[in-house]
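Examination of the molecular architecture
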Amino acid sequence: MLSSIKRSLSRAIGFLTALVMVFTVSIYPTQTARSANMPDNQLNDMAIEVAFLVNSYRLENGLHPVYVIPYLCDVARVRSRECIQLFDHKRPDGSKFSTIIDSNLIPYAALFENIAAGRDTPEETMEQWINSEKHRNAILNPDLTHMGVGVAYEQNSDYGYYWTQLFIVTDAHFQNEYIPRRHNVIPQAEGDITGDATIDTFDYISLADYIYKRSQNIPVYLNEEQLKTADCFRDGLITESDAKVLVRYMLGEYDSLPYIF
């Protein structure tokens, strides 16, 4: 009986692994696919992480947090794309960066912009700004009320990653303003990479996708909590071994995660 169960598990593991391999190959069949831009949902997660880090830094310095406005994130994303063409506070058409905002939609008394390029994580980009007095002063301006953050990625460009912070001072309040939390996706259990509180094939696919892209130097992003729960061995590394452990847990061979030798 035991050997029969083991054979069944082996067949199931082999089938699921083959399924993910087919899925992976179907996504990345050519070099052209590998040069595609980073998915919008991952870029958005990175931008919100920056917004969270801004408020954390302000709180460390005794300042109130700043609200995020989705509209300002949208225009900050446009500015990041524009910085690929011209890395400057002027827009590619020569106009001031402030023209990106419709003041009828977002009335403001003052507007500030920070831009950065070249770093591929929110933490490293924040370090760039904090280590620059002018940019740091903008982040720590006590009068700030709202912000938007955007990031763009272009593989065949001077710097790869381009980041924008837009800060405003206003007396207005907006229906969709919010204080950002640390991560958009928050795992609910060990192995729950997608944050839906269920350990299933989607988590395995997300993990396999991350491992593959990292091995091919393709831009990919999982937040800090996702990386922690994906580390099924708790060895500080995300490798194929973690994916195998996750599969075996899903098939009932392991009772719990993380797997400890």
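Since we're looking at a predicted model, the values are computed, not measured. (Residues numbered from 1 in each chain as written. Predicted model: local features only at pLDDT ≥ 70, side-chain atom pairs only at ≥ 80, totals over all residues. Heavy atoms only, no water.)

1. A short note on unusual backbone geometry
Most peptide bonds are trans, and most residues other than glycine sit at a negative phi. The omega torsion of the bond from Leu257 to Pro258 falls at -5 degrees, within 30 degrees of zero and hence cis. Relative to the elements of secondary structure, Pro258 occurs in the segment after helix H9 (240–250). The residue Ala197 is not glycine, and still its phi comes out positive at about 70 degrees. Relative to the assigned elements, Ala197 resides in the loop between strand E4 (161–169) and helix H7 (201–215). (Helix = DSSP H or I, 4+ residues; strand = E, 2+ residues; numbered from the N terminus.)

2. A short note on the packing of aromatic side chains
Throughout the structure, instances matching the rule amount to 5 aromatic pairs. Ring centres of Tyr161 and Trp163 lie 6.5 Å apart, and the angle between their planes is 25 degrees; on these two criteria the pair is classed as stacked. Judged by relative accessible area, Tyr161 falls into the buried class, the value being 9%. Every member of this aromatic cluster is reached through a ring pair, and the members are Phe87, Tyr159 and Tyr162. (Phe/Tyr/Trp six-rings, centres within 6.5 Å; stacked < 30°, edge-to-face > 60°. Buried < 20%, exposed > 50% of the residue type's maximum accessible area, 1.4 Å probe, protein only.)

3. With respect to the packing of H7 against H9
In contact at an axis separation of 10 Å, H7 and H9 are set at 170 degrees when each is read in the N-to-C sense. Regarding the angle of H7 to H9, the classification is roughly antiparallel. The residues of H9 that touch H7, namely those facing Thr201, Asp203, Tyr204, Leu207 and Ile211, are Glu240, Asp242, Ala243, Leu246, Val247 and Met250. When grouped by side-chain class, the residues that make up the contact of H7 with H9 number 7 nonpolar, 1 polar and 3 charged. (Axes fitted to C-alpha atoms, helices over the stretch in contact; angles between N-to-C directions. Parallel < 35°, antiparallel > 145°, perpendicular 65-115°, else oblique. Contact = heavy atoms within 4.5 Å. Nonpolar A, V, L, I, M, F, W, Y, C, P; charged D, E, K, R; others polar.)

4. Quick notes on the pattern of salt bridges
Applying the stated rule across the entire model yields 8 salt bridges. A salt bridge links Asp74 to Arg77; its shortest N-O distance comes to 3.2 Å. In this pair, Asp74 and Arg77 both sit in helix H4 (residues 70–85), 3 residues apart, roughly one turn of the helix. The exposure class of Arg77 is partly exposed, given its relative accessible area of 27%. Beyond isolated ion pairs, a larger network of salt bridges with shared partners links Arg79, Glu82, Arg91 and Glu113. (Salt bridge = Lys/Arg side-chain N within 4 Å of Asp/Glu carboxyl O.)

5. Re helix H3 (residues 40–60)
At 3.6 residues per turn, the α-helix brings residues three or four places apart onto the same side. The end-to-end C-alpha separation of H3 is 30 Å, in line with the 30 Å expected for 21 residues at 1.5 Å each. Among the residues trailing H3, Gly62 stands out with phi positive, at a value near 75 degrees. (Expected span 1.5 Å × (residues − 1).)

6. Let's talk about the nonpolar core
Met46, Met126, Met147 and Trp163 are the most contacted members of the largest nonpolar core, which has 29 residues in total. Of all the secondary structure elements, the ones that give two or more residues to this core are H3, helix H5 (122–130), strand E3 (146–153) and E4. The element that contributes the greatest number of residues to this core is H3, accounting for 8 residues. Not counting chain neighbours up to four residues away, the residues in contact with Met147 comprise Ala51, Val54, Asn55, Val66, Tyr67, Val68, Ile69, Leu72, Leu166, Phe167 and Pro180. Counting residues in each nonpolar core, the second largest holds 16 residues, with Ile211, Ala243, Tyr254 and Leu257 among its members. (Core = buried A, V, L, I, M, F, W, Y, C linked by side-chain atoms within 4.5 Å.)

7. A word on the environment of Thr198
Following the sequence through the fold, Thr198 ends up in the loop between E4 and H7. Judged by its relative accessible area of 39%, Thr198 falls in the partly exposed class. For the pair formed by Thr198 and Gln188, sequence separation is 10 residues and the distance between their alpha carbons is 8.0 Å. Thr198 has contacts with Asp192 and Asp203, leaving out every residue within four places of it along the chain.

8. Looking at the confidence of the model for the protein
Any region with low pLDDT has predicted coordinates that should not be read closely. For the protein, per-residue confidence averages 84 on the pLDDT scale, and residues scoring 70 or more make up 85% of the total. Under a pLDDT of 50 for its full length, residues 1–13 has, in the predicted model, 7 contacts with residues more than four places off or in other chains. Low pLDDT, under 50, characterises residues 15–35; the predicted model gives this stretch 20 contacts beyond four residues in sequence or across chains. (pLDDT = per-residue confidence, 0-100.)

9. Describing the packing of H3 against H5
Axis separation between H3 and H5 bottoms out at 9 Å; the angle between their running directions is 45 degrees. With respect to their mutual orientation, H3 and H5 come out oblique. Two packed elements cross with a definite hand, and for H3 against H5 that hand is right-handed. On the side of H3, the interface is formed by Met46, Glu49, Val50, Leu53, Val54 and Tyr57, while H5 contributes Pro122, Glu123, Met126, Trp129 and Ile130. When its residues are assigned to classes, the contact of H3 with H5 shows 9 nonpolar, no polar and 2 charged. (Left-handed = near helix turned anticlockwise from the far one by under 90°.)

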